[in-house]
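Observations on the model geometry
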Amino acid sequence: AIINVGILIISFQRYWKSVYYSAFGLSWLIFLVWFAGDYNESIHFTIALLFNSVFFLIFYATFLAYKLIRKEEFNSSDVVLLLINSFVFYTIGYITLSDHDTGKHLLGAFTLVNAAIHFGVAVLIYRQKTGDQKLMNLMIGLALVFLTITIPVQLDGGWVTLLWVGQACVLFWIGKN
């Protein structure tokens, strides 16, 4: 993680996007191979959550720095990287928490925190006024996806249907106005 921070600072200062892409791909690959092969819930629970979160935040912050500070144009490869980063983080976090006695009760909160992170970034982009509209829309979309996922993760039965209908009505109203 410390090496990644150094590599990404250098890649940002020198504008070496290939270094960012390499660090992104290799870090997640190494982590996924370790998680799939050597992860033991009783020993590695905290370490898995910590490094999963650190890698997500490092690559998320670097991605946003390229887009907001360097004022890069937003393109389809950026969407793919952002989605991979977000969903690998969520999937590993979900698996890690669901296998843990206490963690399985926190799955809804974990999903809601994901939604809040993306919504917070969308608000930051909106307040900046110079941010890319497409990037803000993607962040709002990710926040809505994780908000929608939170409902069945936390609740079951008729509550899921009622809350999804309520969410659909609110989104329809927002879209209409």
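Structure shown above.
These numbers were taken from a predicted model, which means no experiment stands behind them.

1. Some remarks on the packing of aromatic side chains
Counting across every chain of the model gives 18 aromatic pairs. Taking 4.3 Å as the distance between ring centres and 15° as the angle between the ring planes, the aromatic pair formed by Phe56 and Phe89 counts as stacked. Note that Phe56 is positioned in helix 3 (residues 41-68) and Phe89 in helix 4 (residues 76-98), a separation of 33 residues in sequence. Of the two residues, Phe56 and Phe89, both sit in the buried class. Their ring planes at 10° and their centres at 5.5 Å tell us that Tyr90 and Phe110 sit as a pair that is stacked. With Tyr90 in helix 4 and Phe110 in helix 5 (residues 107-128), this pair connects stretches of sequence that are 20 residues apart. Grouped by ring-pair contacts, the aromatic residues Phe24, Trp28, Phe31, Trp34, Phe35, Tyr39, Phe51, Phe55 and Phe59 constitute a single cluster.

2. Focus: the side chain of Thr150
Note on placement: Thr150 falls in helix 6 (residues 133-154). Side-chain polar atoms of Thr150 contact the backbone oxygen of Phe146, separated by 2.7 Å. The residues contacting Thr150, other than those within four sequence positions of it, are Gly108, Thr111 and Leu112.

3. Looking at the packing of helix 4 against helix 5
Remark: helix 4 packs on helix 5, axes separated minimally by 10 Å, with the N-to-C direction vectors making an angle of 160°. With respect to helix 5, the element helix 4 is oriented roughly antiparallel. Considering only the axes of helix 4 and helix 5, their crossing is right-handed. Facing helix 4, whose interface residues are Ser86, Phe89, Tyr90, Gly93, Tyr94, Leu97 and Ser98, helix 5 presents Leu107, Phe110, Thr111, Asn114 and His118.

4. As for the side chain of His118
Within the secondary structure layout, His118 lies in helix 5. Taking the relative accessible area as the measure of exposure, His118 reaches 0% and is therefore buried. Among residues more than four places away in sequence, those in contact with His118 are Phe56, Tyr60, Ser86, Met139, Leu142, Ala143 and Phe146.

5. Side note on helix 4
The end-to-end C-alpha separation of helix 4 is 32 Å, in line with the 33 Å expected for 23 residues at 1.5 Å each. Turning to helix 4, its buried residues number three or more, namely Asp78, Leu81, Leu82, Asn85, Ser86, Val88, Phe89, Tyr90, Ile92, Gly93, Thr96 and Leu97. Close packing links the buried residues of helix 4 with helix 2 (17-37), helix 3, helix 5 and helix 6.

6. Quick notes on a nonpolar patch on the surface
Taken together, the side chains of Leu26, Leu29, Ile30 and Val33 make up a nonpolar region of the molecular surface, amounting to roughly 410 Å² of accessible area. When you line up the elements, Val33 lands in helix 2. Using a relative accessible area of 55% as the deciding quantity, one classes Val33 as exposed.

7. What about the packing of helix 6 against helix 7 (residues 158-176)?
Where helix 6 contacts helix 7, the two axes come as close as 8 Å, and the packing angle between them is 155°. It follows from the interaxial angle that helix 6 and helix 7 lie roughly antiparallel. Where helix 6 abuts helix 7, its residues Leu144, Leu147, Thr148, Ile151 and Pro152 lie against Trp159, Val160, Leu163, Trp164, Gln167 and Leu171. Across the contact of helix 6 with helix 7, the residue classes break down as nine nonpolar, two polar and no charged.

Definitions and cut-offs
- Residues numbered from 1 in each chain as written.
- Predicted model: local features only at pLDDT ≥ 70, side-chain atom pairs only at ≥ 80, totals over all residues.
- Heavy atoms only, no water.
- Phe/Tyr/Trp six-rings, centres within 6.5 Å; stacked < 30°, edge-to-face > 60°.
- Helix = DSSP H or I, 4+ residues; strand = E, 2+ residues; numbered from the N terminus.
- Buried < 20%, exposed > 50% of the residue type's maximum accessible area, 1.4 Å probe, protein only.
- Polar contact = N/O pair within 3.5 Å; in protein donor to acceptor, adjacent residues only side chain to side chain.
- Contact = heavy atoms within 4.5 Å.
- Axes fitted to C-alpha atoms, helices over the stretch in contact; angles between N-to-C directions.
- Parallel < 35°, antiparallel > 145°, perpendicular 65-115°, else oblique.
- Left-handed = near helix turned anticlockwise from the far one by under 90°.
- Expected span 1.5 Å × (residues − 1).
- Patch = residues over 30% accessible without salt bridge, like charges linked within 9 Å, V, L, I, M, F, W, Y side chains within 5 Å.
- Areas by Shrake-Rupley, 256 points an atom, 1.4 Å probe, with all protein chains shown as cover.
- Salt bridge = Lys/Arg side-chain N within 4 Å of Asp/Glu carboxyl O.
- Nonpolar A, V, L, I, M, F, W, Y, C, P; charged D, E, K, R; others polar.

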